[in-house]
Amino acid sequence: MIQQVKERGTILVYIEEGADFLASHGVPDARLSAEELLASVCSSSRLALYQVLDQKLPSALNTKYHDLLKRRSERYPLQYLLARQPFRFVSLEIGTGCLIPRPETEGLVDIVLEALPKNRPLYILDIGTGSGNISISLACERPQWSLVATDISERALAYANRNILTNGVSSRVKLVQADLFEITREPQFDALVSNPPYLTNAELESAQAELYYEPREALFGGSDGLAFYRRIISLAPQILKPAGQIFFEIGFGQAECVTEILTRAGFENTQVKKDNSEIERYVSAFWKM
Ligand code: GLN
């Protein structure tokens, strides 16, 4: 069999060597990481790299690529190295100190969009906004809605603030630094949405290595993972207008408990929905009339 000799220093060879290096360190989806990192070094996209596989990588970019591979081999999250993460129709700046938006959370936004009236001005509270992903998407996709987005973390809020500005929704998304939410006035919100920290200790310990680099305060939900649902639900009567709705993302196996906490607190019409992996991932309910 005639084998084509690969020329040293080409984009293809850099991708293959990078992927082998990452795989040897146990990095999942090693080739994807190598391609994404090389694309970012070249200020290009993975797809565009495929058009130039036989071209030489400018040697000035070599060191930068190797630095990124080294960091990725330590299981530092790919998304932090790329410093951006797509979420629905927007692109968000992210980095250490800010939870990486997950695809499941795109589904939470879908549920809110479907459940609430589209063409009415609504006022919505997003507790624990992180990068601002949920609030920014809701504001971008529903021009009549306004949001208050809270987070306890100053570092997360700095990312959220930049993302709100770059996505042009600063007139309708107000950021507040708070542990959950400071109650100041009458219940005023039409809806409350949250993807709170919900992992248990055991889940954190058994999670893939990358999770270690994400903020624990955005992941850990107390010994049973439910601490934030209890706290948010007990605040909700002071937040939600009559018949206001609450929407949560939840962790694996938490649907029954979160439903019970809601029902005991006086919420009605509780609904559980599954994510794309058929896992019960979202709970919604109505506050009393
Ligand atoms: N979905 C995240 C994970 O499983 C957890 C985010 C959260 O706790 N809200 O890694």
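Residues numbered from 1 in each chain as written. Predicted model: local features only at pLDDT ≥ 70, side-chain atom pairs only at ≥ 80, totals over all residues. Heavy atoms only, no water.

J.: Quick question: what am I supposed to make of the environment of K56 here?
T.: In this fold, K56 is placed in the loop between α3 (46-49) and α4 (59-73). Counting along the chain gives 47 residues from K56 to G9, while the straight-line C-alpha distance between them is 5.5 Å. Aside from chain neighbours lying at most four places away, what touches K56 is E7, R8, G9 and T10. (Helix = DSSP H or I, 4+ residues; strand = E, 2+ residues; numbered from the N terminus. Contact = heavy atoms within 4.5 Å.)

J.: In this structure, what is going on with the domain arrangement of the chain? I would like to understand it.
T.: Often, the extent of an interface is quoted as the loss of accessible area on bringing the components together. Taken domain by domain, the chain consists of domain 1 (2-74) and domain 2 (84-286). Centre-to-centre, using C-alpha coordinates, domain 1 lies 36 Å away from domain 2. (Domains from an automatic or database assignment.)

J.: Which parts of the structure should I look at to understand the site of the ligand?
T.: With respect to spatial proximity, the complete set of residues near the ligand consists of R102, E104, N195, P196, P197, Y198, L211, A218, L219 and E249. Note that an oxygen atom of the ligand is positioned 2.9 Å from one of the side-chain N or O atoms of R102. Note that a nitrogen atom of the ligand is positioned 2.8 Å from one of the side-chain N or O atoms of N195. Coverage of the ligand by the protein chains reaches 88% of its 300 Å² of free accessible surface. For the shell around the ligand, the per-class residue count stands at six nonpolar, one polar and three charged. (Near = heavy atom within 4 Å. Polar contact = N/O pair within 3.5 Å; in protein donor to acceptor, adjacent residues only side chain to side chain. Areas by Shrake-Rupley, 256 points an atom, 1.4 Å probe, with all protein chains shown as cover. Nonpolar A, V, L, I, M, F, W, Y, C, P; charged D, E, K, R; others polar.)

J.: Any chance you could explain the environment of E16 here in plain terms?
T.: Within the secondary structure, E16 is located in helix α1 (residues 11-24). By relative accessible area, E16 is classed as partly exposed at 23%. Separated by 14 residues in the primary sequence, E16 and A30 place their C-alpha atoms 9.6 Å from one another. (Buried < 20%, exposed > 50% of the residue type's maximum accessible area, 1.4 Å probe, protein only.)

J.: Explain the pairing of strand β2 (residues 90-93) to me, please; I cannot follow it from the model alone.
T.: Side chains V90 and L92 of β2 all project onto a buried face; the interleaved residues S91 and E93 project onto a face where none is buried. Where strand β1 (residues 84-87) lies against β2, four bridges are found, and the strand directions are antiparallel. Residue pairing in the sheet places Q85 in a bridge with L92 of β2. Adjacent in sequence and paired antiparallel, β1 and β2 are bridged by two residues, among which R88 carries a positive phi angle near 50°. (Pairing = 2+ DSSP bridges.)

J.: What am I meant to see in the nonpolar core here?
T.: Note that soluble globular proteins tend to have their nonpolar side chains buried in a common cluster. Judged by nonpolar contacts, the single largest core of 32 residues is most densely connected at L192, I246, F248, L262 and F267. For this core, the secondary-structure elements that each account for two or more residues are β3 (123-127), β6 (189-194), α10 (227-235), β7 (240-249), α11 (255-264) and β9 (280-286). Per-element tally for this core: the top contributor is α10, with five residues. For L262, the residues in contact, after removing those within four places along its chain, are I233, I246, F248, F267, T270, V283 and A285. (Core = buried A, V, L, I, M, F, W, Y, C linked by side-chain atoms within 4.5 Å.)

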